[in-house]
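Below, each chain spelled out in residue letters.
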Amino acid sequence: MSDLLELRRPSSPLIRRRGRASAFLKEFGFGYVLLAPVVLYIVAFQFYPLAETIRLSLFDYSLISGRGMSFNGFGNYKELLLNDSNFWSIFWNSLVWVLGSTVLQFAIAIPAALVLFNKIRLRGLWRGLMMVPWVSPVVIIGIVWKWIYDGHYGLFNHYLKALGIISENIVWLGDEKWVWPALLLTSAWKGFPYITLMMLSGLTGISREMIEAAHMDGASAWQRFVRITLPMLKPIMYATGLVSIVSSWTKFEMIWALTNGGPGYSTSILPTYLYTNSFVYFDLGRGSAIATLSMAIVLILVGVYARTFGRNLE
Amino acid sequence: MKESIVRKTSNYLWLALLMVFTLLPFAWLIDTTLKPDSEMFSTVPTWIVSSLTWDNYRWALGDTGLQLPRLLLNSIAACGMTALVTGVIACISGYGLARYKVPGAGLVVVLIVLAQMIQGPLIMIPWYKMAAAFSLLNTKTILVMIYGTLTIPVGVWIMSGFFRTLPNELEEAAAIDGAGKWRTLLTVMIPLSLPGLVSISLYAFILGWNDYQYSLILTSSISAKTVQVGIAELMESMGSTNWGGLLASGVIVILPIVVIFAFIQKYLIEGMTAGGVKG
């Protein structure tokens, strides 16, 4: 047996390998051809630019200085972390923005999902209408809400005054104190439908029998919700929360459309700061450093999130 | 019996509250655009339109300000092309992902999921640099290319979900009939998943249409910039002086999206939630 193998070995590896390769190609070649377009696209147009962002962050690269590109090590980072008085307040703003809008979106989405899960007439229509804020363009949403928040003619002030909550008009987007609640409300309004949709699909998986049984045993609506519905929704809430954190971290459009990061830098978050540095001051090296830092921070955030909430999932 | 009536009423009350919260801004948007300036700028806002006017829409579509028709054409061209490209790639690669368990397919799934997070600010600067190097700034081509980052990963993902719902016997039957692999895909699988494919293409159209960040950095000339950029610029330059025209332009830009969404929402929601549950 072993002699036979010994005899064959010198002559055949090449042939055998070729044979194996062609068998491999025959079996999987078509599959690779099919997958090639998406893999090539995302590698060339998403993963490569990501790596390029990290590389550029190590360069002194400003389009208006006229100095061209030169290697700068961690200079951009040092500048941002140590000498930039805005950076840390912008960093905290980003956390407020991400956590605030995610929490608020869930706070609206869970009751909304429960309402839309009930047996109601024309349920499909209501579910569709609920999605409209989510599919609407953010620029237009920004303009509509600016008009609603307007300090003189706005609907928001009008209703709050009618309800007796405020007595004087507030310039919502121009006031350092009130601009954040206003931004978060708009962001929650735009983002909650997606989470509601995910919650609805989670609710569909919960057995009605279990809830009925609890009902028979005399559990109140609130007990049923807290003891049965909420724990069953946990896995999908976990996944959706993750998506929501990452996507609000990387998006600057909503803030840009509503306040341009102002007044001053009071509503700037890392993505808007990146935009200002790269495409207003054309300091691409510094912009890349902000992008890289913001990437590192979101990874940490996701790690903390996974440790805190991912543990009790089966 | 009594309890169920109480419960029903409260269900509908909550539903009404939810709908008011969701739709009030849109109602106010449309209401405002139908008013003349004198009514719009009243310190006590009112829903009643006492002298209905179309002037705001006339201004929006006319050529005094924004050149909205031109910008709409730009957006339609760029997003239409994006829809087409996304549809083709979603079809081919989605099919591969659903049916061919090649070595490394798991890695491809991971890449596609990660790619959905590699967006916007994280890749903007190199894109700008590339666009400048290939003199593609201010072209619709670069928009179609970059919109793929928004549409292709998610499109492939959802499409593979649709293909998975089709039974394997279809391909086996086609193979027995002597159809090759490409022919099976083109003449058997694609026609059967056509509703899903159309939904994904239209969803790609919506995503492109709603984009602001990419067209903001890559286009500025009238020959390429999109409606979103045009309207945002208008907001900055004359915002508080011409709310009516601005808001009317907004209605014109939202309308096609809502109509398209109404058509595709059933399939789209199915596809999105299926992917979400699988994680």
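Keep in mind the model is a prediction, meaning the values are calculated, not measured. (Residues numbered from 1 in each chain as written. Chains lettered and ligands numbered in written order. Predicted model: local features only at pLDDT ≥ 70, side-chain atom pairs only at ≥ 80, totals over all residues. Heavy atoms only, no water.)

Describing the domain arrangement of chain A
Residue and element names in this part refer to chain A.
Alright, step 1. Domain parsing of chain A yields domain 1 (2-56) and domain 2 (79-309).
Alright, step 2. One C-alpha centre belongs to domain 1, the other to domain 2, and the line joining them spans 44 Å.
Alright, step 3. If you look at the interface, domain 1 gives four residues, while domain 2 gives five residues.
Alright, step 4. Taken over both partners, the interface formed by domain 1 and domain 2 buries close to 370 Å², and the fraction arising from carbon and sulfur atoms is 77%.
Alright, step 5. Of all residues in domain 1, Thr53, Ile54 and Leu56 give up the largest surface area on contact with domain 2, accounting jointly for 83% of the area buried on that side. (Domains from an automatic or database assignment. Contact = heavy atoms within 4.5 Å. Buried area = accessible area lost by both parts, 1.4 Å probe.)

Overview of the confidence of the model for chain B
Residues and elements named next belong to chain B.
Alright, step 1. On average, residues of chain B score 89 in pLDDT, and 96% of them reach the 70 mark or higher.
Alright, step 2. Taking the mean pLDDT of every element in chain B, the minimum, 82, falls on helix 13 (residues 243-278) and the maximum, 94, on helix 4 (residues 68-99).
Alright, step 3. Both confidence scores are given for the complex: pTM 0.88, ipTM 0.88. (pLDDT = per-residue confidence, 0-100. Helix = DSSP H or I, 4+ residues; strand = E, 2+ residues; numbered from the N terminus.)

What to know about the pairing of strand 2 (residues 68-71) of chain A
Residue and element names in this part refer to chain A.
Alright, step 1. Sheet analysis places strand 1 (residues 59-62) next to strand 2, joined by four bridges and oriented antiparallel. Each bridged residue has a counterpart across the sheet, and for aspartate 60 the counterpart in strand 2 is serine 70.
Alright, step 2. The hairpin turn running from strand 1 into strand 2, its antiparallel successor, is five residues long, and glycine 66 in that turn takes a positive phi close to 75°. (Pairing = 2+ DSSP bridges.)

As for the packing of helix 13 (residues 270-280) of chain A against helix 6 (residues 124-133) of chain B
Two numbers describe a pair of packed helices, the interaxial angle and the distance between the axes.
Alright, step 1. Two elements in contact, helix 13 of chain A and helix 6 of chain B, have axes whose closest approach is 11 Å; the angle formed by their N-to-C orientations is 20°. Relative to helix 6 of chain B, helix 13 of chain A is oriented roughly parallel. In terms of crossing hand, the pair formed by helix 13 of chain A and helix 6 of chain B is right-handed. Packed against helix 13 of chain A, whose contacting residues are Leu274, Ser278 and Phe279 of chain A, the element helix 6 of chain B presents Met124, Ile125 and Tyr128 of chain B at the interface.
Alright, step 2. Taken together, the residues of the contact of helix 13 of chain A with helix 6 of chain B break down into five nonpolar, one polar and no charged. (Axes fitted to C-alpha atoms, helices over the stretch in contact; angles between N-to-C directions. Parallel < 35°, antiparallel > 145°, perpendicular 65-115°, else oblique. Left-handed = near helix turned anticlockwise from the far one by under 90°. Nonpolar A, V, L, I, M, F, W, Y, C, P; charged D, E, K, R; others polar.)

Description of the packing of aromatic side chains
Alright, step 1. Going through the model one piece at a time under the given rule, you end up with 39 aromatic pairs over all chains.
Alright, step 2. Pairing tryptophan 189 of chain A with phenylalanine 26 of chain B gives two aromatic rings, centres 5.4 Å apart and planes at 40°, and the pair type is tilted. Here the residue tryptophan 189 of chain A occupies a position in helix 9 (residues 179-204), and phenylalanine 26 of chain B occupies one in helix 1 (residues 2-33), the pair thus bridging two chains.
Alright, step 3. Looking at phenylalanine 26 of chain B, the relative accessible area reads 12%, which means it is buried.
Alright, step 4. Following the ring pairs from residue to residue traces out a cluster consisting of Trp145, Tyr149, Phe156, Trp172, Trp178 and Trp189 of chain A together with Phe26 of chain B.
Alright, step 5. In this structure, lysine 266 of chain B packs its charged tip against the face of tyrosine 267 of chain B, placed 4.9 Å from the ring centre. (Phe/Tyr/Trp six-rings, centres within 6.5 Å; stacked < 30°, edge-to-face > 60°. Buried < 20%, exposed > 50% of the residue type's maximum accessible area, 1.4 Å probe, protein only. Lys NZ or Arg CZ within 6 Å of the ring centre and 35° of its normal.)

Here we look at the confidence of the model for chain A
Alright, step 1. Residues of chain A with pLDDT of at least 70 account for 94%, and the chain-wide mean is 87.
Alright, step 2. Below pLDDT 50 for its whole length, residues 1-10 of chain A participates in zero contacts with residues either more than four positions away or in separate chains.

Comments concerning the side chain of serine 94 of chain A
Residue and element names in this part refer to chain A.
Alright, step 1. Looking at where serine 94 falls in the secondary structure, it is placed in helix 4 (residues 87-117).
Alright, step 2. Separated by 3.0 Å, the side chain of serine 94 and the backbone nitrogen of leucine 270 make a polar contact.
Alright, step 3. Excluding residues within four positions of it along the chain, serine 94 makes contact with Trp249, Ile269 and Leu270. (Polar contact = N/O pair within 3.5 Å; in protein donor to acceptor, adjacent residues only side chain to side chain.)

Details of the pattern of salt bridges
Alright, step 1. Under the criterion given, the structure shown has seven salt bridges over all chains.
Alright, step 2. Residues glutamate 233 of chain B and lysine 225 of chain B are paired through a salt bridge, measuring 2.7 Å at the closest nitrogen-oxygen approach. (Salt bridge = Lys/Arg side-chain N within 4 Å of Asp/Glu carboxyl O.)

Some thoughts on the interface of chain A and chain B
Alright, step 1. With 90 residues of chain A in contact, the opposing surface of chain B contributes 89 residues.
Alright, step 2. Carbon and sulfur atoms supply 79% of the area that chain A and chain B bury against each other, a total of about 8,200 Å² over both sides.
Alright, step 3. For the pair chain A and chain B, the interface holds 21 residue pairs in polar contact (both at pLDDT 80 or more).
Alright, step 4. The element contributing the most residues to the side of chain A that touches chain B is helix 2 (residues 13-56) of chain A, with 24 residues.
Alright, step 5. Classifying every residue of the side of chain A that touches chain B gives 65 nonpolar, 17 polar and eight charged.

Focus: a positive patch on the surface
Alright, step 1. A surface patch of positive charge is lined by Lys119, Arg123 and Arg208 of chain A together with Arg7 of chain B.
Alright, step 2. Structurally, arginine 123 of chain A is set in helix 5 (residues 123-130). (Patch = residues over 30% accessible without salt bridge, like charges linked within 9 Å, V, L, I, M, F, W, Y side chains within 5 Å. Areas by Shrake-Rupley, 256 points an atom, 1.4 Å probe, with all protein chains shown as cover. Lys, Arg positive; Asp, Glu negative; His and termini not counted. Charge placed at Lys NZ, Arg CZ, Asp CG, Glu CD.)

Description of the domain arrangement of chain B
All names here are of chain B.
Alright, step 1. Looking at chain B, the domain boundaries give domain 1 (1-53) and domain 2 (56-278).
Alright, step 2. Computed over C-alpha atoms only, the centres of domain 1 and domain 2 are separated by 32 Å.
Alright, step 3. Facing the nine residues of domain 1 at the interface are nine residues of domain 2.
Alright, step 4. Summed over both sides, the interface between domain 1 and domain 2 buries roughly 730 Å², with carbon and sulfur atoms accounting for 70% of that surface.
Alright, step 5. The largest per-residue losses of area from domain 1 upon contact with domain 2 belong to Leu29, Thr33 and Phe41, which jointly make up 57% of the total buried on that side.
Alright, step 6. Along the contact surface separating domain 1 from domain 2 lie zero salt bridges.
Alright, step 7. In this assembly, domain 1 and domain 2 are joined by three residue pairs in polar contact (both at pLDDT 80 or more).
Alright, step 8. Ranked by residue count, the leading element in the side of domain 1 that touches domain 2 is helix 1, at five residues.

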